[in-house]
Amino acid sequence: MRDVAVVSFAQTKNVRRENRRNEVEMLIPVVQEAVEKSGVPKQEIGFYCSGSSDYLAGQSFSFVMAVDCLGAWPPIAESHVEMDGAWALYEAWIKIQCGEADSALIFSFGRSSPGVIRETLVLQLDPYTLAPLGADPVSLAALQARALLESTDHSEREMAEVAARNRSNAKNNPYAQLTGDFDVDELLAEPYFVSPLRKHDCAPISDGATAIVIAADDVARKASKKPAWIRGIDHRIESHQLGLRDLSQSTSTSLAGEKAGAIDIDVAELHAPFSHQELILRDALSLGDDVKINPSGGALAANSVMVAGLTRIGEAANAIWDGTARRALGHATSGPCLQQNLVCVLEGE
Amino acid sequence: MAEHCAVIGVGQTQHDAKRIDVSQYGLVREAAERALEDAGMTYADIDAVVVGKAPDMFEGVMMPELMLADSLGAVGKPMLRVHTAGSVGGSTAIVAASLIQAGVHDRVLTVSYEKQSESNAMWALSVKVPFQQGMVAGAGGYFAPLIRAYMKRSGAPEDTGIRVALKDRQNALKNPYAHLKLEGIDFDQIANSPMLWDPIRYLETCPSSDGACAMVLGNAAVAKKAPKKPAWVHATAMRTEPTMFSGRDQVNPQAGQDCARVLYKKAGISDPRKEIDCCEIYVPFSWFEPMWMENLHFAPESEGWKMTYEGATALDGDLPVNMSGGVLSSNPIGASGMLRFAEIANQIRGEAGEHQVDGAKKGLGHAYGGGSQFFSMWIVGDQPL
């Protein structure tokens, strides 16, 4: 395997409604910033890969316009996944492992604001048996939270603590959307939103974009003073039928973590759009109390759909760069109730 | 550095306008199980699954690979979903091959599909305000002016497109899976068919199909144990350019030319017309055969039409093109590119049945998408490179 490192990371500020700029206009400064920070000359970037979903824009082929943010002339080697950008990073990492490129730019974008994301995500469910029930993502997450509370020692208080800690951490993150100091007892006094979830247990609705540059071996060493080396990356999927899964666990995260070598982790950036999912993910990855979780504030502070997973890998690299971590973990999730999960383990020199 | 990768199993569905006898699950399984059977494997033997399809709005399910995890035996495994517009079937095969070439997996199942009858493809293909000026109806509306420009530029005879359509429709009669099988098709029927998007006639146009294509790919150790002859991947390439900018040549796009050039270089090919035995290329409208012959460097600029006219691209020509009947005969959009890649692999494996080119040893699979801006290609051969 070739040594591949994250060498730069850039993101927009996450906002509830980005209505002054379209996707390309959001991406252009982010892509430029990622390229500049990377130290890899733009014309030497060997591969491009992006992640996004047509169902957010409400337009088929919406990723085609995004190519305009790259200045793809002369023509470039480029690909796209209809997945969170974290999986685009995986495809780029594979391309570099094949020896087809020595560096890659990965980006993703997602604006939830043109539609109603709680309704849009219903269309992600099996159209024959699940979507007709109209079960929205918050309701499905509530079922999962209930399964967790009933079958383990985890409590609603722990969930509120997760929410308070993430939003407090996010005060130090200029790109976060929902930040502040919250008192756990006051949070628990709030009414249920969808029982057992309260509003604070749910991610905000965000618009945003992220770009990352990765590079191999000497290209990374030459470009970056402190490459965040990818020591392991793996992803796994579970059954789509919620009744076939134990929703209180995340077996795909455990397996991906095992394959990616998720041990001796100092900082973990977990993509948990609901507070109870952070508890499930910490259990799945056996992350103890000594592991710092989500210094960025995580998805509970900013959750641009299709972007938040890639952002976790960027924030994990930030933890390496600022010296908080020697080994950091970035995690991404997709599908209802953590159906699909990716784990990326980064390490400094 | 890269591991060898070979195609060891190929499967496709019966393509039709409406496959109302199967769900989306049933459609992908029909292709996947035929590919697995061809490779002498079951889902349990597979390490990872790569799914490709064109816009999710064709079926009305957002990111449908999530719901297909169970039916494609992907539970507990890595699963990827590729979408690069019309080129996606080819790109998906390339991503699947790269998982093996990178040495990450030994056996990969890749599946592409479209079930266009679930929605209205014409609607999904017409990009709307505010994304673009609402000036065209469907893909034909976009490509007709490019064809007109090619005719003017090359001085090709007006009936070149009719000749391509006749050849592909006759080839399709030899393909048991083809959607359109027009018995007794002749020149006059095509010439007299209604003009849809001038200069594209009805019978010079691809259909809207429901269908799927699947391949099992393996590394060298796996390929050597395969029950049938493998087709070895010699080279893959992808190139992209923006949809619109001043001075862009949309008739003979730079991205396609560059993609072919780098592909031949990787495969050690210096004279493609001589060294490649046959091609499956993405021709959704008949005139794209001569246009792509030039773009792929098989003919000098403005002379691609001569290959069609002289019969070089016929089943018994010196460079047969679209022996299966091509996209003109079956067009489940997300799968159409993979069908090109799989059909050419079957030619090399000697598994193409009635439309087999005798002794095919090296072949090109090609797909394109968007506004002639996304290209994916591969070369397969009967021996490892």
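Residues numbered from 1 in each chain as written. Chains lettered and ligands numbered in written order. Predicted model: local features only at pLDDT ≥ 70, side-chain atom pairs only at ≥ 80, totals over all residues. Heavy atoms only, no water.

Asker: How should I be thinking about the overall build of chain B in this particular structure?
Answerer: Of regular secondary structure, chain B possesses 14 helices and 11 strands. For 385 residues, the compact-globule estimate of 2.2 N^0.38 gives 21 Å, and chain B sits close to it at 19 Å. The principal-axis extents of the C-alpha atoms in chain B amount to approximately 55 × 45 × 45 Å. A total of 385 residues make up chain B; the buried ones form 66% of that total. Put simply, 77% of the contacts in chain B that link residues at least 6 apart link residues at least 24 apart. (Helix = DSSP H or I, 4+ residues; strand = E, 2+ residues; numbered from the N terminus. Rg over C-alpha atoms; globule rule 2.2 N^0.38 Å. Buried < 20%, exposed > 50% of the residue type's maximum accessible area, 1.4 Å probe, protein only. Contact = heavy atoms within 4.5 Å.)

Asker: Just checking my understanding: could you explain the interface of chain A and chain B for this structure?
Answerer: Often, the extent of an interface is quoted as the loss of accessible area on bringing the components together. Taken together, the 59 residues of chain A in the interface contact 59 residues of chain B. Here chain A packs against chain B, burying approximately 5100 Å² in sum over the two surfaces, 65% of which is carbon and sulfur. Broken down residue by residue, the surface that chain A buries against chain B is led by Tyr-55, Phe-61 and Ile-237 of chain A, which jointly contribute 13%. Linking chain A with chain B are 1 salt bridge. The closest approach of N and O atoms between Glu-100 of chain A and Lys-266 of chain B, which form a salt bridge, is 2.7 Å. Every element with two or more residues in the side of chain A that touches chain B is listed here: helix H2 (54-57), helix H3 (62-66), strand S3 (78-81), helix H4 (85-97) and strand S8 (228-237) of chain A. (Buried area = accessible area lost by both parts, 1.4 Å probe. Salt bridge = Lys/Arg side-chain N within 4 Å of Asp/Glu carboxyl O.)

Asker: Looking at this model, I keep getting lost on helix H3 (residues 88-101) of chain B. Mind explaining?
Answerer: Residues and elements named next belong to chain B. Across its 14 residues, H3 extends 19 Å between first and last C-alpha, which sits within 8% of the 20 Å expected from 1.5 Å per residue. Among the 14 residues of H3, 14 are classified as buried, and the element is accordingly described as predominantly covered. Once H3 ends, the next one or two residues include Gly-103, with phi positive near 80°. (Expected span 1.5 Å × (residues − 1).)

Asker: Quick question: what am I supposed to make of the packing of aromatic side chains here?
Answerer: What the rule picks out here adds up to 20 aromatic pairs over all chains. Where Phe-107 of chain A meets Phe-109 of chain A, the ring centres are 6.5 Å apart and the plane angle is 20°; that geometry is what we call stacked. Look at Phe-107 of chain A and you get buried, because its relative accessible area is 1%. Overall, the relative accessible area of 6% leaves Phe-109 of chain A in the buried class. With centroids separated by 5.3 Å and ring planes inclined at 50°, the aromatic side chains of Phe-288 of chain B and Trp-292 of chain B adopt a geometry described as tilted. Of this pair, Phe-288 of chain B and Trp-292 of chain B both sit in helix H11 (residues 288-295), 4 residues apart, roughly one helical turn. Note on accessibility: Phe-288 of chain B and Trp-292 of chain B belong to one class, buried. Among the aromatic side chains, those forming a connected cluster through ring pairs are Tyr-142, Phe-143, Trp-197, Tyr-282, Phe-285, Phe-288, Trp-292, Tyr-368 and Phe-375 of chain B. (Phe/Tyr/Trp six-rings, centres within 6.5 Å; stacked < 30°, edge-to-face > 60°.)

Asker: What am I meant to see in the packing of H4 of chain A against H3 of chain B here?
Answerer: To describe two helices that pack against each other, one gives the angle between their axes and the distance between the axes. The contact between H4 of chain A and H3 of chain B brings their axes to 9 Å, and the two run at 55°. Between H4 of chain A and H3 of chain B, the interaxial angle falls into the category oblique. In this structure, H4 of chain A crosses over H3 of chain B, and the sense of that crossing is left-handed. Mapping the contact onto sequence places Tyr-90, Glu-91, Ile-94 and Lys-95 of chain A in H4 of chain A and Ile-94, Val-95, Ser-98 and Leu-99 of chain B in H3 of chain B. Among the residues forming the contact of H4 of chain A with H3 of chain B, the class breakdown is 5 nonpolar, 1 polar and 2 charged. (Axes fitted to C-alpha atoms, helices over the stretch in contact; angles between N-to-C directions. Parallel < 35°, antiparallel > 145°, perpendicular 65-115°, else oblique. Left-handed = near helix turned anticlockwise from the far one by under 90°. Nonpolar A, V, L, I, M, F, W, Y, C, P; charged D, E, K, R; others polar.)

Asker: Got a minute to help me understand the pairing of strand S2 (residues 47-51) of chain A in this structure?
Answerer: Residues and elements named next belong to chain A. The element S2 is extensively covered by neighbouring structure, given that 5 of its 5 residues are classed as buried. Taking every second residue as pointing to the same face, both faces of S2 are buried, with Phe-47, Cys-49 and Gly-51 on one and Tyr-48 and Ser-50 on the other. Two strands pair when backbone bridges link them, and S2 and strand S4 (residues 103-111) are joined in this way by 5 bridges, in the parallel orientation. Looking at S4, one finds that Gly-51 is bridged to Ser-108. Where S2 lies against S3, 4 bridges are found, and the strand directions are parallel. Counterpart to Tyr-48 in the pairing with S3 is Glu-78. (Pairing = 2+ DSSP bridges.)

Asker: In this structure, what is going on with the domain arrangement of chain A? I would like to understand it.
Answerer: Residue and element names in this part refer to chain A. Segmentation of chain A into domains returns domain 1 (4-115 + 205-227) and domain 2 (117-203 + 229-347). Between domain 1 and domain 2, the C-alpha centre-to-centre distance is 22 Å. Across the contact, 46 residues belong to domain 1 and 40 residues belong to domain 2. Carbon and sulfur atoms make up 64% of the area that domain 1 and domain 2 hide from each other, which totals about 3500 Å². Linking domain 1 with domain 2 are 0 salt bridges, by the criterion used here. The interface formed by domain 1 and domain 2 contains 18 residue pairs in polar contact (both at pLDDT 80 or more). When residues of the side of domain 1 that touches domain 2 are traced back to their parent elements, those giving at least two are strand S1 (4-11), H2, H4, S4, strand S7 (207-216) and helix H9 (217-223). The biggest single contributor to the side of domain 1 that touches domain 2 is S1, with 7 residues. (Domains from an automatic or database assignment. Polar contact = N/O pair within 3.5 Å; in protein donor to acceptor, adjacent residues only side chain to side chain.)

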